[in-house]
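Notes for the structure review
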Amino acid sequence: MTEAVLEKEFELVVGLEVHCQLATASKLFCACPSGSFGLPANTHVCPVCTGQPGTLPVLNAAAVELGFKAALGLGCRLNETSIFARKNYFYPDLPKGYQISQYEQPFSEHGALEIQGPPPKRIGIHRIHLEEDAGKLLHSIGAEELGYSLVDFNRAGVPLIEIVSAPDIRSPEEAAQYLVGLKAVLQYLGVSNCDMEKGEMRCDANVSVRPRGQAVFGTRAEIKNLNSFRGVRDAIAYEFARQCELVREGGRVAQETRLWDADSGLTRPMRSKEEAHDYRYFPDPDLVPLRAEPALVRRLKETLPELPAERRKRFVQEYQLSEYDAGVLTSDKLLADYFVGVVAASGSNRYAKASANWIQGELLAKLNATGTPFAKAQQCIPPAHLGEMVRLIGEGTLSSKLAKDVFAKMWETGQAPQKLVSSLGLSQVTDEGQIAAWVLEAMGENQKAVEDLRNGKERAIGAIVGSVMKKSKGKANPDLVNRLIKEKLNDGKR
Amino acid sequence: MPIDEKAVRHIARLARMELRAEELEAYRNQLDKILESMEELRALDTDRVSATSHVLGLTDVLRPDQARLFENREALLEGAPEREGPYYKVRKVIE
Amino acid sequence: MKDGWIDWAAGRIAEEVNAGRVKAEEVVRAFLSRIREVDPRLRAFVTVLEAEALEQARAVDARISAGKPGGRLAGVPVAIKDNMLVRGVETTCSSKILRGYKAPYDATVVTRLRLEGAVIIGKTNLDEFAMGSSTENSAFFKTKNPWDLERVPGGSSGGSAAAVAARMAPLALGSDTGGSIRQPAAFCGVVGVKPTYGLVSRYGLVAFASSLDQIGPFAANVADAALALSVIEGHDAADSTSAPVEGRRYALEDSLGLAGLRIGLPKEYFTQGLEREVEASTRAAVKVFESLGASVREVSLPHTRYAVSTYYILAPSEASANLARFDGMRYGYSRREASSLEQAYASSRGEGFGPEVKRRIMLGTYALSSGYYDAYYGKAQRVRTLIKRDFDEVFESVDLLLTPTAPTTAFRFGEKSADPLQMYLSDIFTIPCNIAGCAGLSMPSGLDSRGLPIGIQLLARPFEESRMLQAARAFEAARPFPALPA
Ligand SMILES: [Mg+2]
Ligand SMILES: [Zn+2]
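Here goes a summary of the coordinates provided.

What counts, and at which threshold
Each chain has its residues counted from 1, running along the sequence as written. Whichever chain is written first becomes A and whichever ligand is written first becomes 1, with later ones labelled in order. With pLDDT at 70 or above as the cut-off, local features in this predicted model cover only qualifying residues; side-chain atom pairs require 80 or more to be listed or tallied, and sums for whole chains, interfaces and linings still use all residues. The side-chain values count all of the structure's non-hydrogen atoms but skip hydrogen atoms and water molecules. The helix and strand labels rest on DSSP assignments: H or I over at least four residues marks a helix, E over at least two residues marks a strand, and numbering proceeds from the N terminus. Here the globule rule is a power law, 2.2 Å times the number of residues to the power 0.38, and the radius of gyration is based on C-alpha atoms. Remark: exposure states derive from per-residue accessible area (1.4 Å probe, protein chains only) relative to the maximum for the residue type, with buried under 20%, exposed over 50%, and partly exposed in between. Whether two residues are in contact is decided by their heavy atoms: any pair within 4.5 Å suffices. What gets called buried area is simply the loss in accessible area from a 1.4 Å probe that two parts show on being joined, summed for both. For salt bridges, the criterion is a side-chain nitrogen of Lys or Arg within 4 Å of an Asp or Glu carboxyl oxygen. All residues other than Ala, Val, Leu, Ile, Met, Phe, Trp, Tyr, Cys, Pro, Asp, Glu, Lys and Arg, Gly among them, are scored as polar; the first ten of these are nonpolar and the last four charged. Should DSSP find at least two bridges between two strands, the strands are taken to pair. Here the term right-handed applies to a crossover when the path leading from its first strand over the helix to its second strand runs clockwise, the strands being oriented away from the viewer. Aromatic rings from Phe, Tyr and Trp, with only the six-membered ring used for Trp, were paired whenever their centres fell within 6.5 Å, and each pair was classed as stacked if the ring planes differed by under 30 degrees, edge-to-face if by over 60, and tilted otherwise. Any pair of N or O atoms that falls within 3.5 Å is considered a polar contact. Within protein, one atom must be able to donate a hydrogen and the other to accept it, and sequence-neighbouring residues count only if both atoms are side-chain atoms. Distances decide who is a donor: an N, O or S atom must be within 2.8 Å of the metal, or within 3.2 Å for Na, K and Ca. Water is not included, so sites may look incomplete. Only the stretch in contact is used when a helix axis is fitted, and all axes are lines through C-alpha atoms; the angle between N-to-C directions ranges over 0 to 180 degrees. When an angle is under 35 degrees it counts as roughly parallel; over 145 it counts as roughly antiparallel; between 65 and 115 it counts as roughly perpendicular; any other value is oblique. Here a crossing is taken to be left-handed if its near helix is turned anticlockwise relative to the far helix by less than a right angle, and right-handed if that turn runs clockwise. Expected helix span is taken as 1.5 Å per residue step, with the number of steps being one fewer than the number of residues. Every angle between 85 and 135 degrees makes a four-donor site tetrahedral, while opposite donors more than 155 degrees apart, with all other angles between 65 and 115, make a four-donor site square planar and a six-donor site octahedral; other sites are irregular.

Notes on the overall build of chain C
Assigned secondary structure in chain C consists of 15 helices and 11 strands. Rg of the C-alpha trace for chain C: 21 Å, near the compact-globule value of 23 Å for 486 residues, within the 12% margin. The burial tally for chain C puts 70% of its 486 residues in the buried class. Considering only intrachain contacts with a sequence separation of at least 6, the fraction spanning at least 24 residues in chain C is 75%.

Written as structure tokens, this is what we have:
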């Protein structure tokens, strides 16, 4: 059954639970360093985050600030008082036998994120709460499956915010757009790096289907392990098809937790979640209530940076970009910052469109082809260099055609374009005398074309231009060449 | 509402404690009695009473975000029932 | 002279050691030899730190020889209940599940004791994870009451109380969740202080019920208890529930009258199951306080009767989560040959915990489980508000409350251990203070006809330990505590 057919019959309903690692120096409740990606196991651990007897949690002020910022940036209401609660369950990656989270009184609720569409749409945000991450389990070393599991607590206690969306998402594409949008907002705010590869942003999806026209939601399955944008899209699409077929065949969707396996492209029920949980939440007596202190909230509001949506609007107005270009460029803070850097270096907003084209075209293609993350773009080609190149083209010093070679050289050598242009002798010839001489020569060699041109066959000019370009090794300014050919023709008439 | 054996089993499973048959019966009995003695609380009208989880009334206890390494890390692993290199070793977890 | 040291007050030991008239090492040797002599019969200690204690003592002596201050507890041996962590030393909570567990850090109270020159002499026995009122729930052995070896020392801090009563240490620390310092202090004829909730850091105290637990001192006299408290109290950034108060010095005066002091006798404490001799002794204490100039009158704490039920919901609920970390994965007793991960958890915990601990985990898990939360935990938190309000209101008209510490004197081994509810009721007078978070102490008021110590309890507004200790000191001066027969 194809998706299109299913879509006519069924509606997909998705809510996402996204965990983002807050960009703090230390963990949520202890002083251990928070970032430990790639470090040996159990190096960032202490009595608190390994659940030793007698230890107590003390809340990280920066995690609170970042959490509040995220809430403000996502239009959420900050609750006057929030409470930390214990979520009780046993798992080897959970050192205390409970996770410190927020339950009945999270720190913020009732926000939304606008996705671009088309058409643009508002995805509701139910709540955002603070919680600690668990440790990491290792089941295999390399390809070798182990007969036991290994536990690393480097990640245990790392501060997370959990952002719970409303069930407003209706397609895999919308889900991906929501994530991209969320990531952009959190990056702009400096709340989280949201690097999915490093596990700094993780997503679970609650997926259900219902026959079109039905008001009540279907039974939902919770899909875990969606660790890339692609995974989110593929897993939801798969789950949509799976549930639709089940319902069509008269079956029932089970309320269960399923694991997405990116390799096989399937979801399967999670063994460890078979038993119905009773988390026995209760307020953590080791922690005191957290208030949204008005002075802090005021300060955070005042210093809230420009967010992707505002920036997109500004790019359209200030740089005369299309909505589409502005959308792409602002979807990633680094990309947007890079663009601003390029335009600044080009010396004029006139070159904004050209800058956008070079970034979205040549630069992204090159990064893609070499598997370089955008975070490294600055080092490969500094925005100042690309800006300078755009200016050289705009001023006519460099032809667009040769610019591609210059770009390649810039990537290879890391040198500034002006320098490359001179050392390679690539700068355009704009000397009228020189070009006029080439034009006269070319007209002499192409009598037929001159004749045709005189008879009104405009296209015949191509042959003469081509000839001039050959003589100039491509460096003659094309505008100038065209103008001079026409002038010479007119001279001949007189 | 007297507590039955099934409920006791369920609670023991939630608490991850294996109980022998005689323990189960003893706890069923005792829990029953203890819970019965608590029935008197029900009679108390607390509809307009707020809950107290903290007698001190402190709020916003925060620490500055300063990272510091714990210097006695090896001791944390030394006590492990089983380890493999820098890891704690546990029974196979099937996800 | 040598034998005399063990009868010295802690304050005097510190004074003499600081003055260089006595070496800390000699003091510690004297107490170690007292422990060797007496403890095989009493069994107050789970661990005696001979070598470590002598080493600490020598370090104190070296400090003093070098002209540096030895500290307010220079050379004073302190016994620590075995539910507080002392780095590098086994911390068992008297439980099979923690046997062999070496603490990776010092509890804040231990750090503070060390800073003032105290010498950690050993770890004392307790009811497993501090759950009990007789120390019979220790997984290892029973501690005996120094006044009558057939009887319990009280609990859960029975080892610490017995150690101080038998002069095996001039000071000891205990923890009090529902009376676990005050009740054994009463049974063993010593002073025991349950400080205001939040006054002493809980960092490094193995949690039983986090919203009720407090660490406090045992001593043979009020001044020593005050001295020990002043060393361990005060704000600690490692404990979010630690009150923002600095450590205080308690200047207690021996001859001070108590004119103007208003003492309340809560009538609810003079009814159910109160032994006649205990009541008589408490009434006699009233006369002593009146003779010192205090005015005493009857007051009411109407929700007292709900305190035990409230406590036995709140404490086990918190405990059920606090004890989840004992799972055999990272430390402690662990069954490795289990057939599955879940089985590994279940057998490690099923075999590692003793009966009372399992009973309370069951109770707490039940009270928090889906469908019962509101009826039990939620309800108990509301009743807690009412009990606290009782205290707030009564403390508007009186400065201190005077009550018996326990309904009876020390009972016999096995007398109450068969019926958990009976055992729970032995804390009936001490529990409300923990629920309300106020300050409390127990001190000896006399002996019953069997020669067993009777304890009276003073309760004070939060953070008014000074007033409470001063009143206790005045009482002690007027009515010297009975001495333990040799
Ligand atoms: Mg979560
Ligand atoms: Zn840590």
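Points about the interface of chain B and chain C
With 52 residues of chain B at the interface, the matching set in chain C holds 65 residues. Between chain B and chain C, roughly 5200 Å² of surface is buried when both sides are summed, and carbon and sulfur atoms account for 65% of that area. Of all residues in chain B, the largest losses of buried area upon contact with chain C belong to Leu41, Val55 and Arg91 of chain B, amounting jointly to 13% of the total for that side. Across the chain B-chain C interface, the total number found is five salt bridges. Ionic pairing is found between Arg336 of chain C and Glu82 of chain B, a salt bridge with its closest N-O pair at 3.0 Å. Among the secondary structure elements, those contributing two or more residues to the side of chain B that touches chain C are α1 (5–14), α2 (21–37), α3 (39–43), α4 (73–78) and β3 (87–91) of chain B. Here the side of chain B that touches chain C gets eight residues from one element, more than from any other, and that element is α2 of chain B. Here the residues of the side of chain B that touches chain C are counted per class, giving 30 nonpolar, nine polar and 13 charged.

With respect to the pairing of strand β8 (residues 295–299) of chain C
Residues and elements named next belong to chain C. In terms of strand pairing, strand β7 (residues 262–266) meets β8 through five bridges, oriented parallel. Residue pairing across strands places Arg262 opposite Ser295, the latter belonging to β8. Note that the unit made of β7, helix α8 (residues 276–291) and β8 has a crossover that is right-handed.

Thoughts on the packing of aromatic side chains
Residues and elements named next belong to chain C. Evaluation of the coordinates by the stated rule reveals 30 aromatic pairs over all chains. Centre to centre, the rings of Tyr311 and Tyr312 are 4.9 Å apart; their planes meet at 80°, and the pair counts as edge-to-face. With respect to class, Tyr311 is no different from Tyr312; both count as buried. Taken together, the ring pairs connect Tyr101, Phe129, Phe326, Tyr331 and Phe353 into an aromatic cluster.

Details of the interface of chain B and chain A
Counting residues at the interface gives 32 residues for chain B, matched by 56 residues for chain A. The closest approach of N and O atoms between Arg291 of chain A and Asp60 of chain B, which form a salt bridge, is 2.7 Å. Along the contact surface separating chain B from chain A lie 24 residue pairs in polar contact (both at pLDDT 80 or more). Contributing elements (two or more residues each) for the side of chain B that touches chain A: α1, β1 (62–63), α4 and β3 of chain B. When its residues are assigned to classes, the side of chain B that touches chain A shows 16 nonpolar, four polar and 12 charged. In this structure, strand β2 (residues 59–60) of chain A lies alongside β1 of chain B, joined through two bridges in parallel fashion. Within β1 of chain B, the residue paired with Asn60 of chain A across the bridge is Arg63 of chain B.

Some remarks on the side chain of Ser133 of chain C
Residues and elements named next belong to chain C. Relative to the helices and strands, Ser133 is located in the loop between β3 (119–124) and α5 (158–165). Here Ser133 falls in the buried class, since its relative accessible area comes to 2%. One polar contact links Ser133 to Asp427, side chain to side chain, over a distance of 2.8 Å. Excluding anything up to four places from it in sequence, Ser133 contacts Asp127, Gly154, Gly155, Ser156, Gln183, Phe411, Met423, Ser426 and Asp427.

Concerning the coordination of the magnesium ion (ligand 1)
All names here are of chain A. Ligation of the magnesium ion (ligand 1) by protein atoms is provided by His19 (NE2), Glu131 (OE) and Glu162 (OE), these donors lying 2.0 to 2.5 Å from the ion. All donors of the magnesium ion (ligand 1) belong to a single chain; written as a sequence motif, their spacing is H-x111-E-x30-E. Within this pair, whereas His19 is found in strand β1 (residues 10–21), its partner Glu162 is found in strand β11 (residues 159–165), the two being separated by 143 residues in sequence. Of the two residues examined, His19 and Glu162, each falls in the buried class.

Thoughts on the packing of helix α2 (residues 61–73) of chain A against helix α3 (residues 172–189) of chain A
Residues and elements named next belong to chain A. Relative orientation of the contacting elements α2 and α3 amounts to 130°, with a least axis distance of 10 Å. In terms of axis orientation, α2 runs oblique to α3. Our pair here, α2 against α3, has a crossing hand that is right-handed. Seen from α2, the contacting residues are Lys69, Ala70 and Gly73; seen from α3, they are Val185, Leu186 and Leu189.

Considering helix α9 (residues 307–322) of chain C
Here α9 of chain C contains 16 residues, and its C-alpha end-to-end distance of 22 Å stays within 8% of the 22 Å for a straight helix at 1.5 Å per residue. Burial analysis of α9 of chain C places 16 of its 16 residues in the buried class, which makes it a mostly covered element.

A word on the pattern of salt bridges
Tallying each qualifying case throughout the model produces 77 salt bridges over all chains. Its salt-bridge partner being Glu22 of chain B, residue Arg20 of chain B comes within 2.8 Å of it at the nearest N-O pair. One salt bridge connects Glu23 of chain B with Lys358 of chain C, and the closest N-O pair in it is separated by 2.6 Å. Residue Glu23 of chain B is located in helix α2, and its partner Lys358 of chain C is located in helix α11 (residues 355–368); the two belong to separate chains. Overlapping salt bridges bring together Glu306, Arg311, Arg314, Glu318, Lys333 and Asp337 of chain A as one network.

What about the coordination of the zinc ion (ligand 2)?
Residues and elements named next belong to chain A. The protein atoms that coordinate the zinc ion (ligand 2) are Cys30 (SG), Cys32 (SG), Cys46 (SG) and Cys49 (SG), at distances of 2.3 to 2.4 Å. With four donor atoms in place around the zinc ion (ligand 2) and angles of 99 to 117° between them, the coordination shape is tetrahedral. Read in sequence order, the donor residues coordinating the zinc ion (ligand 2) give the pattern C-x1-C-x13-C-x2-C. Here the two residues Cys30 and Cys32 agree in accessibility, since each one is buried.

A closer look at the environment of Gly451 of chain C
Inspection of the secondary structure assignment puts Gly451 of chain C in the loop between β10 (439–447) and β11 (453–460). Expressed as a C-alpha distance, the spacing of Gly451 of chain C and Pro482 of chain C, which sit 31 residues apart in the sequence, is 9.8 Å.

So, helix α12 (residues 400–413) of chain A
Residue and element names in this part refer to chain A. Its 14 residues place the ends of α12 20 Å apart at the C-alpha level, agreeing with the 20 Å of an ideal helix rising 1.5 Å per residue. Among all positions of α12, only Leu402, Ala403, Val406, Phe407, Met410 and Trp411 are buried. Along its buried surface, α12 packs onto α9 (352–370), α10 (377–380), α11 (383–394) and α13 (417–423). Of the residues flanking the end of α12, it is Gly414, one or two places downstream, whose phi is positive at about 75°.

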